[in-house]
Structure formats: C-alpha cells, structure tokens
Amino acid sequence: MTLKKKPVTGMKDMLPKEMEIRDYVIRQIKETYKTFGFQSIETPCVEHIDNLCSKQGGENEKLIFKIMKRGQKLNLETAKEEGDLTDSGLRYDLTVPLSRYYANNANELPSPFKALQMGNVWRADRPQRGRFRQFMQCDIDILGEPSYLAEIELITATTTLLGKLDFTSFTIRINDRKILKGMAKYCGFPEESYDEVFIILDKMDKIGMDGVESELLASGYGSESVAKCRQLFETVTNDIAGVAYVKETLGDCLEEGTAEDLTTIISAVEQVKSADFTIVFDPTLVRGMSYYTGPIFEIAMDEFGSSVGGGGRYDEMIGKFTGNDTSACGFSIGFERIVMLLLERGYEVPGAAVKKAFLIEKKASPERMQEVIALAKKEREKGVQVNISMMKKNKKFQKEQLMAEGYEDIQEFFA
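Residues numbered from 1 in each chain as written. Predicted model: local features only at pLDDT ≥ 70, side-chain atom pairs only at ≥ 80, totals over all residues. Heavy atoms only, no water.

## Things to note about the packing of aromatic side chains
Let me state the cut-off plainly: Aromatic contacts are taken between Phe, Tyr and Trp rings whose centres are within 6.5 Å, Trp giving its six-membered ring; a plane angle under 30 degrees counts as stacked, one over 60 as edge-to-face, and the others as tilted. Secondary structure elements follow DSSP: runs of H or I of four or more residues count as helices, runs of E of two or more count as strands, with numbering from the N terminus. Partly exposed describes any residue whose relative accessible area lies between the buried limit of under 20% and the exposed limit of over 50%, with all areas from a 1.4 Å probe on protein chains only and scaled to the type maximum. A ring is considered to have a charge above it if a Lys NZ or an Arg CZ atom is located within 6 Å of its centre and within 35 degrees of its normal.
The tally for this structure, following the rule as stated, stands at nine aromatic pairs. The interplanar angle of 10° and the centroid separation of 5.4 Å between the aromatic rings of Phe170 and Phe277 together place this pair among those described as stacked. Residue Phe170 is found in strand E7 (residues 170–176), and its partner Phe277 is found in strand E8 (residues 277–281); the two are separated by 107 residues along the sequence. For Phe277, a relative accessible area of 2% translates into the label buried. The structure contains a cluster of three or more aromatic residues connected by ring pairs, namely Tyr291, Tyr292 and Tyr314. One residue, Lys273, lies across the ring of Phe277, its end atom 5.0 Å from the ring centre. The ring of Phe167 is capped by Arg345, whose NZ or CZ atom sits 4.3 Å from the centre of that ring.

Here's what the structure looks like:
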C-alpha cells in the first residue's frame, strides 16, 4: 500500500518561508504584549469533554474532535451512547481552557491577571481560504478586572501589535451584548428567542437588512417586531452619536450605564491609539459564542473581507467552574489569517540576519572542508547565518535556489 503524502484535509505543511514569518510574528506578539503586562501561560490541547460541551461555545461545540476512551474504560460491546465512548476532546478555542486554568490556579495568580496564551486548536470545520481544521490561536485575556479598563487595554494592545506588523486602515467593530438584548426587548422579541434572533442578525453583512427581515419573518416572529427592528437598524449610526441614539431610544430596555461605558471605551481607544485604524460602533455585531456578557469586538480588514480577530467580555464563564463569577475579558487575533495576508503581500521580515552560503567542491580534501567549517564558525559567532553545501553539477541552478532563499553572498571553495 502506497502511503499518502498529502496532509489530512484541513491541515497543512508549512514551508520555510512561512515558518520564518510565523516565528517573526510570534516574537512580535510576545514582545508587544509583554509591554502591556501580559504573562505567558500554557494549557493542554486535550480538555474534558464536559467542559467543551458546556453550551458556552456556540456552534463550535458541533465541531469538536472527540477522543475515545482508552484501555479498559473503552468497552464497545456495552456502549449505548456517545458518552460511553468519549471522555475528552481537542480544544476548539483557548477561552474554555483558560477559564478552567484560572479556576484551578487562582490562588497562585495575581489579581487582575493578564494572560497571554498561544497554541493550536482544532475544529472539524469546512476548510476554506484562511480557515483550517488545525490552526494557531493567540489570545490575551484580563481576569479579575470588572471595569472598562480591560476592554481599553485589550483593544490598544492588539491594535498596537497590528500596527507593528504594518497593517493599516483596518477597523475595530464594537458592540455590547447588553445593547443587543435591549434592542430585542424593545422590539418585542420573546426573551427565550434572543439567541436565535442574534444568529439571524449576525448574517447582516452577508444577506443585508432585507435578508434579515425575511429570515425573521420566516422564523415566525411578528411583523410588528420585525418592522421595529428594521427601523432601529436603519436609523442608528456607526459612531458615538449612534450609541447615544440607542440609549435614548431603548430607554428602560437597556441596562443602566451600558451606553456610557461603551462611549468611554471608544473615546479612550481613539485618544491613545498608536496604529492607523478606525473604531466604529456596530449594533449588528453579535459574535457567535454564547458566553459573552458585555462589550464585544472584531477586527475587519478589507484585504481579507472578513474578521481577522475578535473577543469580548465573558464574566460568567469562570463561575461555571468555581460557583463565583469572575470578571473576564479577552481578545484573540486570527494568527493564521494574519500570516496568510503577510505571505500574500510578499512580506519580508525586517532586520533579518545576514545570510551567506559556502559551496565546497566535492573533491575538496578533509583539511579544506575543515577550513571552510572553521570560517563558517567565525561568521556565525558574528550573528551571520551561514549555509554550507557541497557543489552540485548544475552550480548555476544551485546558486539561483540559494539566492531565492535570501543568500546573496555566495562563496565557492575549491580543492
């Protein structure tokens, strides 16, 4: 049987050029976020299946790679349902594992705790441009900070990083789950149907207001509620004035202080930003995870045509583990999509080491080879990247390959 040389569907091999950029982006992430006080942590890639299926992850819970029980615990003959076969799974994001981590280690951690976590996650999703079944996530979270300072710090840190990676003119879209609930209540949608209404509303970018209206009506919602919803979204603007309009219109349907906090976040980010971007109020922004409880945000880039990162406040998740709610807010950048965009631009890593190539004639004596290796050692001690190879018959093609890899200084050593 011939073995398969291509990776499993939804996974990919990474060539040296991509790895060079990935390594650089990782260094920039760690260096930038460290200046904001974030500390690196790590959690296992395998998580308890009960944690993963706790109805916190929205649609992602349908995409879990589940792991079968091992050894004597796995009994196929007596198994009657899925729970008899599996007890764990590969994590689909980093937020659920972080919440478990904090609940387990809170006594050894500062408060508030600013966490940086990078690692692979897995989702049995349909692969497409910028979307894989195995991909790296990069999250920063602030745990134990109840005020909007957390949102301001997260957005500022993330946009500072993107600026250092030469991304400009992107947009931070921001909303608040409390505003969504206030709108739904104002329009007269039943409280038990809010999640379904939000899922339909989240399609606004793809199907437009007409499509949202048609889908709401087709789902059985009253025409009066749907008309009120349409009028609301067609009137509100994407700025601080829009937040004020929402507050005035929703009245008692909106939790007190929500609009003021969102206005403060937007204003503060605008005043302290160090990158070229725009922050806008987007009342249609939903975010798929059901664990969000307050402000939510996403990064939109025209060159990708979709989100390249997002996050929000999730004050109730840690309480699922401890019984006591803990303030929590996080922001995740789409690491794979960021790297993909840099590759498509032909991005060159700045400040890369000088690269030299030494080609040794095949008939060179052992003594001559040792001389070249010693010379390479001296160059490497200076921080120069030296690639030693034996000369090939087609030396011209060999040198062209080396030049394509960035080796502009190519030296030949003969016997």
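Picking up after the structure, the text goes on.
## Some thoughts on the sheet that holds strand E13 (residues 385–390)
Put simply, the test is: By definition, two strands form a pair when at least two bridges between them are found by DSSP. Axis definition: a line fitted to C-alpha atoms, limited for helices to the stretch in contact. Angles are taken between N-to-C directions and run from 0 to 180 degrees. Every residue pair with non-hydrogen atoms within 4.5 Å of one another is taken to be in contact.
The strand order E13-E12-E14 describes an open sheet built from three strands, whose pairing is parallel. Each having just a single partner strand, E13 and strand E14 (409–413) make up the two edges of the open sheet. Across this sheet, the average inter-strand angle for adjacent strands is 20°, counted without regard to direction. Examined bridge by bridge, strand E12 (residues 355–360) and E14 share five bridges and lie parallel to one another. Residue pairing for E14: Phe358 is matched across the bridge by Gln411. Sheet contacts for helix H13 (residues 366–381): E12, E13 and E14; angle to E13, the most-contacted strand, approximately 165°. Across the sheet, helix H14 (residues 395–404) lies against E12, E13 and E14, angled at about 145° from E14, the strand it touches most.

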